[in-house]
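Observations on the three-dimensional arrangement
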Amino acid sequence: MGSESFEKGFSISQKIVDIALRKGAVDVAVIYNEEVGRHLRFSQNRADIANTWLYKRVAVCIGKDKRVLVVETEDLQPESLKRFIEESVDAMKYLPPRPVYAPLPEGPFEYSVIPSIYDERLLTAEDELVDVAKIAIDSALSEGVKRVAGVVKSRAGYSCLVTTGGVNVCSRDSQIYLEIRAFADEEATGHGTTCSRSLSDLDPERAGTEAGRDAVLAKNFTKGEPGRYDVIFGRSALGNLIGIFGHMASALFILMQMSPYVGKLNQKIASEKVTLIDDPLMPAGYGSRAYDDEGLPTRRNVIIENGFLKTYLHNRLTAKAFNAKSTANAGWIIPKPWYLILKPGDAKDDELIEEMRDGLIVKNATYLRFQNYRTGDFSAVIRDGVFRVKNGEVIGEVRGLRLSDNLLNVLSNVYQISREAIPIFHWWMEWEVPVVTPLMAVHNVGFTSATI
Amino acid sequence: MIPGELKDLVEYAVRRALGMNVDYAEARYQINRSTSLFMINGNIEALSNVSVAGISIRVIVNGSMGFASTNDPKNVDKAVESAIKGAKACLKISKELRLSEESFGEASYTSKVLKRPEDISPEEKIELLSSVDELAKEKGITSRNLSLRNSREQVYYVNSEGSRVEGDVTRVSGNATLTLVMGAESTQEFVEKGGSGGWELVEGWNFLEEVSRIADVMKECLEKGISPPRGKMDLVLGPYVVGLMMHESTGHPYEADRILGREAAQAGESFVKPDMLGTRIGSEVVTVVDDPTIEGSSGFYLYDMEGVKARRRILMKNGIINEFLHNRETAAIFGVKSNAAARASSYDREPIIRMANTFMLPGDYSQDELIEGIKEGVFIARFTEWNIDDRRYNQRYVGSEAYLIKDGKLDKMVKRPILEITTPAFYSSIDAVGKDLKFTPGLCGKSDPGQAVPVWFGGPSVRLRGVRLGGI
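Please read all numbers here as calculations on a predicted model, not as lab measurements.

Our focus in this paragraph is the overall build of chain B. The number of helices and strands found in chain B is 10 helices and 22 strands. Taken against the 2.2 N^0.38 rule, which gives 23 Å for 472 residues, the C-alpha radius of gyration of chain B at 24 Å falls within 12% of a compact globule. The principal-axis extents of the C-alpha atoms in chain B amount to approximately 75 × 55 × 35 Å. Looking at chain B as a whole, 67% of its 472 residues are labelled buried. Pairs at least 24 residues apart make up 74% of the contacts formed inside chain B by residues separated by at least 6 positions. Accessible surface for chain B amounts to roughly 15,900 Å². Of this, 48% is attributable to carbon and sulfur atoms.

On to the overall build of chain A. The helix and strand inventory of chain A stands at nine helices and 20 strands. For 452 residues, the compact-globule estimate of 2.2 N^0.38 gives 22 Å, and chain A sits close to it at 23 Å. Expressed along its principal axes, the backbone C-alpha trace of chain A runs to roughly 70 × 50 × 40 Å. A buried classification covers 65% of the 452 residues belonging to chain A. Look at the contacts in chain A between residues 6 or more apart in sequence, and 74% of them connect residues 24 or more apart. For chain A, the accessible surface area stands at approximately 15,700 Å², while carbon and sulfur atoms represent 48% of it. Of note, chain A has its 54 positive side-chain charges centred 5 Å away from the centre of its 59 negative side-chain charges.

Here we take up the state of the cysteines. Residues and elements named next belong to chain A. With the rule as written, the count across this model stands at one disulfide over all chains. Through a disulfide, Cys160 is tied to Cys170; the S-S separation comes to 2.0 Å. Its S-S torsion of approximately 105° makes the covalent link between Cys160 and Cys170 right-handed. Placement of Cys160 in strand 4 (residues 147-163) and of Cys170 in strand 5 (residues 168-183) is noted, with a sequence separation of 10 residues between them. When sorted by exposure, Cys160 lands in the same class as Cys170, which is buried.

Ile180(A), Ile57(B) and Val59(B) are the most contacted members of the largest nonpolar core, which has 71 residues in total. Judged by nonpolar contacts, the second largest core, of 62 residues, contains Cys195(A), Ile303(A), Ile304(A) and Leu407(A).

So, about the side chain of Gln266(B). By the secondary structure assignment, Gln266(B) is in the loop between helix 7 (256-259) and strand 9 (288-290). You can call Gln266(B) buried: its relative accessible area is 1%.

Residue and element names in this part refer to chain B. Its 18 residues give helix 5 (residues 207-224) an end-to-end C-alpha distance of 25 Å, which sits within 8% of 26 Å, the value for a rise of 1.5 Å per residue. What helix 5 keeps buried is the set Phe207, Val211, Ser212, Ile214, Ala215, Val217, Met218, Cys221 and Leu222. Elements that come into contact with the buried residues of helix 5 comprise helix 3 (122-138), strand 6 (164-182), strand 7 (185-196), strand 15 (376-388), strand 16 (394-406) and strand 17 (409-413).

Contact residues are listed per partner, giving 82 residues for chain A and 95 residues for chain B. Approximately 7,700 Å² of surface area, both sides summed, lies buried where chain A meets chain B, with 51% of it carried by carbon and sulfur atoms. Linking chain A with chain B are 14 salt bridges, by the criterion used here. Measuring nitrogen to oxygen at the nearest pair gives 3.6 Å for the salt bridge that ties Glu187(A) to Arg391(B). Inspection of the region where chain A meets chain B yields 62 residue pairs in polar contact (both at pLDDT 80 or more). Here the side of chain A that touches chain B takes 11 residues from strand 2 (residues 46-64) of chain A, the largest share from any one element. Residues that form the side of chain A that touches chain B fall into these classes: 38 nonpolar, 21 polar and 23 charged.

Turning to the sheet that holds strand 21 (residues 451-459) of chain B, a few remarks are in order. All names here are of chain B. Read across the open sheet, the six strands follow the order 11-10-9-14-21-20; overall the sheet is mixed. With partners counted over all chains shown, the strands left at the sheet margins are strand 11 (320-321) and strand 20 (438-446), one partner each. Sheet analysis places strand 9 next to strand 10 (residues 313-317), joined by three bridges and oriented antiparallel. Note that in strand 10 the partner of Val289 across the bridge is Ile314. The strands that helix 6 (residues 239-251) touches are strand 9, strand 10, strand 14 (357-360), strand 20 and strand 21; relative to strand 21, the one it contacts most, it runs at about 125°.

Now for the pairing of strand 6 (residues 189-196) of chain A. Residues and elements named next belong to chain A. Here strand 6 lies mainly inside the structure; eight of its eight residues are buried. Of the two faces of strand 6, the one carrying Thr189, His191, Thr193 and Cys195 and the one carrying Gly190, Gly192, Thr194 and Ser196 are both buried. Sheet analysis places strand 5 next to strand 6, joined by eight bridges and oriented antiparallel. Across the sheet, residue Glu179 finds its bridge partner in strand 6, namely Thr193. Hairpin geometry of strand 5 and strand 6 is characterised by an intervening segment of five residues between the two adjacent antiparallel strands.

Next up on the list: helix 2 (residues 78-91) of chain A. Residues and elements named next belong to chain A. Look at helix 2: 20 Å from first C-alpha to last across 14 residues, which is about the 20 Å you get at 1.5 Å a residue. Where helix 2 is concerned, the buried positions are Ser80, Leu81, Phe84, Ile85, Ser88, Val89 and Ala91. Within helix 2, the buried residues cover an arc of 165° as seen down the axis, which keeps them to one side. Away from its buried face, by an angle of more than 90 degrees, helix 2 presents the exposed residues Pro78 and Glu79.

So, about the pattern of salt bridges. Counted by the stated rule, this structure contains 71 salt bridges over all chains. For Arg289(A), the salt bridge goes to Asp293(A), with nearest N and O atoms at 2.8 Å. Notably, a salt bridge pairs Arg328(B) with Glu161(B), separated by 2.7 Å at the nearest N-O pair. Highlighted residues: Arg328(B) in helix 8 (residues 328-334) and Glu161(B) in the loop between strand 5 (143-159) and strand 6, separated in sequence by 167 residues. Among the charged side chains, a salt-bridge network with shared partners connects Glu35(A), Arg57(A), Arg155(A), Asp173(A) and Arg197(A).

The geometry of an aromatic ring pair is captured by the separation of the ring centres together with the interplanar angle, meaning the angle of the planes. Across all of its chains, the model carries 27 aromatic pairs over all chains by this definition. Centre to centre, the rings of Tyr367(A) and Trp386(B) are 6.2 Å apart; their planes meet at 85°, and the pair counts as edge-to-face. With one member in each of two chains, Tyr367(A) in strand 13 (residues 358-372) and Trp386(B) in strand 15 form a pair that bridges those chains. As far as the burial class goes, Tyr367(A) and Trp386(B) line up, both buried. With 5.4 Å between their ring centres and 65° between their planes, Phe271(B) and Tyr393(B) make a pair best called edge-to-face. Within this pair, whereas Phe271(B) is found in the loop between helix 7 and strand 9, its partner Tyr393(B) is found in the loop between strand 15 and strand 16, the two being separated by 122 residues in sequence.

Residues and elements named next belong to chain A. Judged by pairing direction, the sheet is mixed, and its six strands sit side by side in the order 11-10-9-12-19-18 without closing on themselves. Both outer strands of the open sheet, strand 11 (308-309) and strand 18 (422-424), are each paired with one neighbouring strand and no more. Sheet topology note: the strand 12 (residues 340-342)/strand 19 (residues 435-437) ladder contains two bridges and is parallel. Of the residues in strand 19, the one forming a bridge with Leu340 is Val435. Packed on one face of the sheet, helix 5 (residues 235-247) meets strand 9 (276-278), strand 10 (301-305), strand 12, strand 18 and strand 19 and runs near 125° to strand 19.

Here we take up the confidence of the model for chain B. Scored by pLDDT, chain B has a mean of 97; 100% of the residues are at 70 or more. In the model output, the complex is listed with pTM 0.97 alongside ipTM 0.96.

Right, let's get into the pairing of strand 18 (residues 418-422) of chain B. Counting buried residues along strand 18 of chain B, five of its five residues qualify, which places the element largely inside the surrounding structure. Here strand 18 of chain B shows two buried faces, one formed by Ile418(B), Glu420(B) and Thr422(B) and the other by Leu419(B) and Ile421(B).

What follows is about a negative patch on the surface. All names here are of chain A. Together, Asp350, Glu354, Glu355 and Glu393 make up a region of like negative charge exposed at the surface. Along the chain, the position of Glu393 falls in strand 15 (residues 393-399). Judged by relative accessible area, which is 52%, Glu393 ranks as exposed.

Residues and elements named next belong to chain B. Contact geometry for helix 1 (residues 4-18) and helix 2 (residues 76-89): axes closest at 10 Å, N-to-C directions at 40°. Of the possible angle classes, the one that applies to helix 1 and helix 2 is oblique. Seen along the crossing, helix 1 lies across helix 2 with a hand that is right-handed. Contact residues: helix 1 offers Leu9, Tyr12, Ala13, Arg16 and Ala17, while helix 2 offers Val76, Asp77, Val80, Glu81 and Ile84.

What counts and what doesn't
Within each chain, residue numbers correspond to sequence positions counted from 1 in written order. Both sets of labels track the order of writing: A upward for chains, 1 upward for ligands. Side-chain atom pairs in this predicted model are given and counted only at pLDDT of 80 or more, local residue features only at pLDDT of at least 70, and totals for whole chains, interfaces and linings cover all residues. Note that the side-chain values use all heavy atoms of the structure and ignore hydrogens as well as water. In DSSP terms, a helix is any run of H or I states spanning at least four residues, a strand is any run of E spanning at least two, and both are numbered starting from the N terminus. Restricting the calculation to C-alpha atoms gives the radius of gyration, and the globule rule supplies 2.2 Å times the number of residues raised to the power 0.38. Throughout, exposure labels follow a simple rule: accessible area from a 1.4 Å probe, protein chains only, divided by the maximum for the residue type, with under 20% read as buried, over 50% as exposed, and the rest as partly exposed. By the convention used here, residues are in contact when the closest approach between their heavy atoms is within 4.5 Å. Per-residue and other accessible areas follow the Shrake-Rupley method at a 1.4 Å probe size, with only the shown protein chains counted as cover for residues. Here Asp and Glu are counted as negative and Lys and Arg as positive; His is not counted, and neither are the chain ends. Lysine's charge is taken at NZ, arginine's at CZ, aspartate's at CG and glutamate's at CD. Disulfide assignment relies on a single distance test, namely cysteine sulfur atoms paired within 2.5 Å. In this text, buried Ala, Val, Leu, Ile, Met, Phe, Trp, Tyr and Cys residues form a nonpolar core when linked through side-chain atoms within 4.5 Å. Expected helix span is given by 1.5 Å per residue-to-residue step, counting one fewer step than there are residues. Note on definitions: buried area is the accessible-area loss of two parts on being combined, 1.4 Å probe, summed for both. The salt bridge criterion pairs a side-chain nitrogen of Lys or Arg with a carboxyl oxygen of Asp or Glu, the two atoms within 4 Å. We define a polar contact as two N or O atoms separated by no more than 3.5 Å, with the added condition that, inside protein, one atom must be a possible hydrogen donor and the other a possible acceptor, whereas residues neighbouring each other in sequence contribute only through side-chain atom pairs. Any residue that is not Ala, Val, Leu, Ile, Met, Phe, Trp, Tyr, Cys, Pro, Asp, Glu, Lys or Arg is counted as polar, Gly included; the first ten are nonpolar and the last four charged. We treat two strands as partners when DSSP finds at least two bridges between them. Where helices are involved, their axes are fitted lines through C-alpha atoms of the stretch in contact, as for all axes, and angles between N-to-C directions lie from 0 to 180°. What the arc measures is the spread of directions leading from the helix axis to the C-beta atoms. What counts as a ring pair is set by centres within 6.5 Å for rings of Phe, Tyr and Trp (its six-membered ring), and what kind of pair is set by the plane angle: stacked under 30 degrees, edge-to-face over 60, tilted for all other angles. Confidence scores here are pLDDT values: one per residue, from the predictor, ranging 0 to 100. Only residues whose relative accessible area exceeds 30% and that form no salt bridge are eligible for patches; like-charged ones are grouped when within 9 Å, while nonpolar side chains (Val, Leu, Ile, Met, Phe, Trp, Tyr) are grouped when within 5 Å. Angle categories: roughly parallel below 35 degrees, roughly antiparallel above 145, roughly perpendicular from 65 to 115, and oblique for all the rest. For any helix crossing, the convention is left-handed if the near helix is rotated counterclockwise from the far helix by under a right angle, and right-handed if that rotation is clockwise.

The following block contains the structure:
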């Protein structure tokens, strides 16, 4: 995948733009992506399967007469690609025009060069993935657990974006992450994760050790009593929660009444301790990227500042609907955050625990489901270490509780944030945006339980 | 049908792998095409056409498994080599897995399609969405998010043990997300339609009638709903609720890969252990099956993605754990035959154990008879929020359409009753099963990388004795 590959990406993308323009399209954006993905699954301390994916694919957004079409295809044979695009554009004539439409941003633009987001070694890393898994497995087992399961997953390649707005840009990037879950017994579990742009920045030993240590600590347990507790959320839990805090600012979700942030722009929605930033320009950031899907240069957006909701996230279409400017978060249909940062506080991790009189540490929160997206009422399954803290000491795990509260309540009741922020990405982050997070302490969080 | 040159490519991939001294090889060409329309508050947001197609190869080398895929036919050799290289790289920590012995042959199957959805004009599809939107708007629904999708999955599968299977399944689905805001209060509901077949299914959906009824229910709930009672009581759960419970608390924990820990890092494991076959977990009136062979169902297939012929699986029989869901890897470990539960959502995904259409077999009671048998309790017809822990033991369902039961009759609506219950307690508390079996379509997500496959959730109404409605 040398520089000749960029030429191929530009060439295919430009051909698609030309096909669409000949069919009467006005706005066309094409993303060409070529990459190698690798993946190792393991369970019971042994490998299950090694996966390799060789991808060349295209996604196209077409605007014509205030109508919008999105096409994705992996059939890149010239004739079938041409036919697919042409037939798709032909179908647009049946669509009613959108009441709100905006053209693609007019470039060309200058883009930031984000350092350290590509590691060529991840193109050919079959053996290295096994080595990474083995380090994590051994680290967890050395803490005294019985068994572990997890994945190591990498991707490396390049993407090109060509638009009728004068954008012609290609960039390489790579990612690798490891997720591991350790079992000290049937229900005593711990979770660890590490993610980076390069093989050398990955820390499988830390992830394995954390998973193993928490699993062993969770062996000593009591049944949890439902009620309200002060909580310190661990980073795996916050990976999920912060992804939702960020995505709920997507302007399309506001239009759809699918967010508790509806009507709350510039209002206080969180504790003054909370500042949430979308920062796609962070060097070596796991979610960093220089441009959005419409070609705008990405930028650092402060979503929540000292508790106040400062902006919704926009693409060109939602920006027009809100009489705002795009925040460079396109998503052709759904605006989305790229790399969410919870601004760190001053305390050390340990100090949060030491200062807690009576409460819980919730290490991981999964399977989060809303009762009502507009109100933010939700519940989530908590696991991988739900520890009771009394007078600053962890006294053991509590089991059988379910996190059950409201998103705005959680944000409003934050009372402390630690200072060590770590990149997090794992399977249960269902909104699929990586985050950088310290620990977060919250007053008066609700928990329910099955009583039979 | 998959074009001949692509079938040749599949045959070639298997031969090529066997020529490189693997113990087992299979290859699959899979095309997944879909067209979707999205409407927000009466306006078409976008039309989406997606075509995902390519070839995958899976090999076993000395008990180590490798998988690779490519969407470029010129890259097949590289994919074969990558699969083998991956398998060999794992040898130092591999499980020494093997596959169950099965009988294979040549077969093909298709879903029954009377009117191809691709031939239906976008105008007609938009007309349907517009009529649903207008009706919901007339009913006062504040926000309407609607979608309509048709898809086609074509597969050609070959393995080194003599299997050649060609499948072609067309599906249609429709969804509505409705939000009603009244003053400071709001409520949300989801309506799902779907199955395998053509546009004739859409014509039989009664989408409008269902949205109309649910819009009325939402209004009544906000205007007249009272706080739910708490504590121990009898319940009736409607088919919509029971269907999802069958999927979540019988289907998933009976997946043999979860039981063996293969999903432990992601979706989780299971409270069910291998030695629990034959153990009573529910009352005698409960029998739960999973059946991919139901014509017209979302989970329809006749051969799985390992070439094994599909059949009905009786997971729980009269309250006793009867059978797990297997692919060939787990079947070999349990010393049984595969029951054809291996599915793959697209060409670039390994086949893993999945449900198809999971449901409780119906009983003899009408819903009215179930309700008549309760002096004081609650009937939960529909739910919004739900989740279940990763051992599939402790689950929660929050009712969206629910009513008090007084002296055997439905009374006032109640808002958001919370049923939080363990799996054995749920199945043991059922004393009567209705005859009103109904199915709801859905997508089941599992594994890393994620695979979403279409399924049906099915259930009749059931009556539960002495369970607790809770909350904080």
